[in-house]
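Single-letter residue listing:
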Amino acid sequence: MGQNLYDKILGRHMVSGIPEAGAEIVVSIDQTLTQDALGTMAYLQFESMGVPRVVTESISYVDHNTLQDGFENADDHRYLQTVAAKHGVIFSKAGNGICHQVHLERFSRPGCTLIGSDSHTPTCGAVGTLAMGVGGLDVATAMAGGTYSLIYPTVVRVNLTGRLSAWSTAKDIILELLRILTTKGNVGLALEYAGPGVAALSVPERATIANMGTELGVTTSIFPSDDVTRDFFIAQGRGLDWIPVAPDADACYERTIELELGSIVPMVAKPHSPDNVAKVRELSGLKVDQVLIGSCTNSSFHDLTVVAGMLKGRTVHPDVSLGIVPGSRQVLSMIAVSGGLNDLIVAGARILESACGFCVGCGQAPRTGSVSVRTNNRNFEGRSGTRDAGVYLVSPETAAAAALTGAFIDPRDLGFPYPEYRAPRSYPVDDGLIVFPPAKPVAEVFRGPNIGLPPKNTPMPESLSCKVAIIVGDKISTDHIMPAGSLLKYRSNIPKYAQFVFRDVDSGFVGRCGEHGKAGFSSAIVAGQSYGQGSSREHAAMCPMFLGVRLVLASSVERIHAANLVNFGILMLEFEDPGDHDRLKQGDELYLGNVREALASDRVRLVNKTSGMEIPAICRLTSRQKNIVLAGGALNIASFDGCKAGSQC
Ligand code: MIC
Ligand code: SF4
């Protein structure tokens, strides 16, 4: 029986476990990446492990907190640069670009394992890297030489045939997949792109698809490393980093999704979920106020050259504000040299810093009640910084069409030809904003006053008594739990940041947790399906933990958030009967006696002491995870093994 790409790469990195879908396995990690918003905590955790030099090839990017309204972000950046120099980490300075774009260009490696403290780390699946988004603590552990545990994925083949027609794009492919698979119920799946249609997609196009696979909730997405990949590596001056990675001809998959690329049309994800997908034509004529082109999903030279071609000799509609974010300094310098930058400026675009920016709500908040058309990957309510604005996710082509006409229009209806684009034979390589660690470690690490140590939980008590502090519905994202935007500057200051948990959902949450604590209770969060979807921000677990949350009782919890809850010692249970969600009330007292004995089984019975009812629940944690929760989180556990199990790359 042949092997698919996951079997091959996981097989070469497996340290222990059985390679069967659903089983927990332990793998070695070749590369790690961090970004600044989660990086400070990750490096503080790394420092607490007492390992002098990182074991993985580790790259630390500054791309999220570049707003710098106050000293906090700048202090964090200095901490990150000095801690990198001390421990052997490569440091990509602010201005060099968005971590996933830069990593793809300069550090990606086919056939390797990469974990990153950012949910869009799977972007590098575009070149055949097995790349996963995880919490910062998991990255810290890998950097220190530890292994990474994951559930062996159920692999779904996405068989691509045919070719995209003009104006239909990689973004439309992933939006079509979001329409088919939705953002819910895909935990444990991994996508493998295959079929004759793959060869017609460039690496940046594959990156768009792999990047936004995150919104499906899958573990990761991967493309083979083929001749197109080789040409990309050669053009990046990294031909020696390229190796072919392909599945066996008779590889096995759990199922196959067929996509005929010629049938893909321009698509849009409407507010407030990436799976609320429609055809652009269905929205024709809807007036648009703001257009933003960029983010780690769509900010490549390919994307911006096509946009520049569309805007050349034309002017942005008077009622539209158009912002453009080149994904990296390399992209910015290339559009400057090609002349595209001037076409954008002359047309009326606002050129913004190569950073996450608008995508994470750092600037460019749209006006009240407006329609904002964006090329990024998430449109959760309020993430843009304006709660009642509607954010629509589209391709750069559809975004540029809206910028020109002031309304939604299928770009096929514009009436002018698709701009010419040829993949560059070579990219300008300038790693001038990448600081490589000195051979002799630097002793001094700068720590600004905003930086505090990561909080530790206490071991799970013998019996758990929690009061329900909030009841939320389905698809609560980590943006709902722990808002980002202008609050990003508090990422290194947990007591401060914790004051904003559920700020936009229920401003009474923090106060109630405090009252429960004073009365001797822990707090519980009750949720519906897909709780914790979206980002890998461990603050969405760490801050509730800091407020005294010990239990999340939900219909289902998304993969990265579930791992973060475990890492911070929060017990996560699923309703056996989802109807029990509606039978609970805020303030109810939930009780689980003899927790250690109860968790020996995967079925537990909580008691609602307020109503007197029993709530049967499922505990999906592996025995390793149960031990971590009982210990009060990974920082309390000495399971860190401190040695790396031979990289295969
Ligand atoms: C995001 O897109 O939501 C972020 C900001 O990149 C997060 C990481 C974070 O919250 O720091 C992610 O995707 O993991
Ligand atoms: Fe940055 Fe947005 Fe990508 Fe997150 S999704 S890494 S905020 S560009």
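This is a predicted model, so every value here is computed, not measured. (Residues numbered from 1 in each chain as written. Chains lettered and ligands numbered in written order. Predicted model: local features only at pLDDT ≥ 70, side-chain atom pairs only at ≥ 80, totals over all residues. Heavy atoms only, no water.)

Brief notes about the site of ligand 1
Now for step 1: Lining the immediate environment of ligand 1, one finds 14 residues, of which D118, S119, R491, S536 and R537 sit closest.
Now for step 2: In the model, an oxygen atom of ligand 1 is placed 3.0 Å from a nitrogen or oxygen of the Q35 side chain.
Now for step 3: Contacts to ligand 1 include R537, whose side-chain N or O atom sits 2.7 Å from an oxygen atom.
Now for step 4: Burial of ligand 1 by the protein chains amounts to 97% of its free accessible area of 330 Å².
Now for step 5: Taken together, the residues of the shell around ligand 1 sort by class into three nonpolar, six polar and five charged. (Near = heavy atom within 4 Å. Polar contact = N/O pair within 3.5 Å; in protein donor to acceptor, adjacent residues only side chain to side chain. Areas by Shrake-Rupley, 256 points an atom, 1.4 Å probe, with all protein chains shown as cover. Nonpolar A, V, L, I, M, F, W, Y, C, P; charged D, E, K, R; others polar.)

A closer look at helix 5 (residues 136-143)
Now for step 1: Within helix 5, eight of the eight residues are buried, leaving the element largely enclosed by the surrounding structure.
Now for step 2: Listing the buried residues of helix 5 in full gives G136, L137, D138, V139, A140, T141, A142 and M143.
Now for step 3: In this structure, the buried side of helix 5 is in contact with strand 3 (31-35), helix 2 (36-48), strand 4 (57-61), strand 6 (113-116), strand 8 (148-151) and helix 17 (559-567). (Buried < 20%, exposed > 50% of the residue type's maximum accessible area, 1.4 Å probe, protein only. Helix = DSSP H or I, 4+ residues; strand = E, 2+ residues; numbered from the N terminus. Contact = heavy atoms within 4.5 Å.)

Describing the packing of helix 9 (residues 301-311) against helix 10 (residues 329-338)
Relative orientation and spacing of two packed helices are given, respectively, by the angle between their axes and the distance between those axes.
Now for step 1: Running from N to C, helix 9 and helix 10 point in directions that differ by 35°, and their axes come no closer than 10 Å. Like other packed secondary-structure pairs, helix 9 and helix 10 cross with a definite hand, here right-handed. In this structure, helix 9 contributes F301, L304 and T305 to the contact, and helix 10 contributes V331, M334, I335 and S338.
Now for step 2: By residue class, the composition of the contact of helix 9 with helix 10 is five nonpolar, two polar and no charged. (Axes fitted to C-alpha atoms, helices over the stretch in contact; angles between N-to-C directions. Left-handed = near helix turned anticlockwise from the far one by under 90°.)

Description of the side chain of E192
Now for step 1: Inspection of the secondary structure puts E192 in strand 10 (residues 189-194).
Now for step 2: Nearest to the buried, unbridged E192 among oppositely charged side chains is R157, at 6.1 Å.
Now for step 3: Side-chain polar atoms of E192 contact the side chain of Y253, separated by 2.6 Å.
Now for step 4: Discounting chain neighbours no more than four positions away, the residues touching E192 are N4, L5, Y6, V155, V156, R157, V158, I222, P247 and Y253. (Lys, Arg positive; Asp, Glu negative; His and termini not counted. Salt bridge = Lys/Arg side-chain N within 4 Å of Asp/Glu carboxyl O.)

Concerning the packing of helix 2 against helix 5
Now for step 1: Contact geometry for helix 2 and helix 5: axes closest at 8 Å, N-to-C directions at 45°. The angle between the axes of helix 2 and helix 5 places the two elements in the oblique class. Note that helix 2 runs across helix 5; the crossing there is right-handed. Residues A42, Y43, Q45 and F46 of helix 2 pack against G136, L137, A140 and M143 of helix 5. (Parallel < 35°, antiparallel > 145°, perpendicular 65-115°, else oblique.)

Some points on the packing of aromatic side chains
The geometry of two aromatic rings is summed up by the distance between their centres and the angle between their planes.
Now for step 1: Inspection of the entire model under this criterion finds nine aromatic pairs.
Now for step 2: Aromatic side chains W167 and Y418 sit 4.9 Å apart centroid to centroid with 80° between the ring planes, which places their arrangement in the edge-to-face category. Here W167, found in the loop between strand 9 (154-161) and helix 6 (170-181), pairs with Y418, found in the loop between helix 12 (396-405) and strand 20 (434-435); they are 251 residues apart in sequence, far enough to count as distant.
Now for step 3: Given the relative accessible area of 6%, W167 is considered buried.
Now for step 4: The class for Y418 is partly exposed, based on a relative accessible area of 29%.
Now for step 5: Summarising the aromatic geometry, the rings of F232 and Y427 are spaced 5.7 Å apart at their centres and angled 70° between planes, so their arrangement reads as edge-to-face. (Phe/Tyr/Trp six-rings, centres within 6.5 Å; stacked < 30°, edge-to-face > 60°.)

Description of the pairing of strand 10
Now for step 1: With respect to burial, strand 10 is a largely interior element, six of its six residues being buried.
Now for step 2: Residues L189, L191 and Y193 point to one face of strand 10 and A190, E192 and A194 to the other, with burial holding for every one of them.
Now for step 3: The sheet contact formed by strand 9 and strand 10 spans six bridges and is parallel. Bridging from a neighbouring strand, T154 pairs with L189 of strand 10.
Now for step 4: In this fold, the crossover linking strand 9 to strand 10 by way of helix 6 has right-handed handedness.
Now for step 5: Note: strand 10 against strand 11 (residues 220-222), three bridges, orientation parallel. (Pairing = 2+ DSSP bridges. Right-handed = clockwise from strand over helix to strand, strands pointing away.)

Examining the site of ligand 2
Now for step 1: Neighbouring residues of ligand 2: H64, H100, D118, H120, S295, C296, C356, C359, V360, N377 and R383.
Now for step 2: Classifying every residue of the shell around ligand 2 gives four nonpolar, five polar and two charged.

Thoughts on the sheet that holds strand 20
Now for step 1: Reading across from one edge, 7-6-3-4-5-20 is the order of the six strands in this open sheet, with mixed pairing throughout. The outermost strands of the open sheet, each flanked by one partner alone, are strand 7 (130-133) and strand 20.
Now for step 2: Inspection of the sheet shows strand 4 paired to strand 5 (residues 90-92) by three bridges, in the parallel sense. Of the residues in strand 5, the one forming a bridge with Y61 is S92.
Now for step 3: Lying on the sheet, helix 3 (residues 71-87) is in contact with strand 4, strand 5 and strand 20; it crosses strand 5 at an angle near 155°.
Now for step 4: Where helix 5 meets the sheet, its contacts fall on strand 3, strand 4 and strand 6, and the angle it forms with strand 3 comes to roughly 140°.

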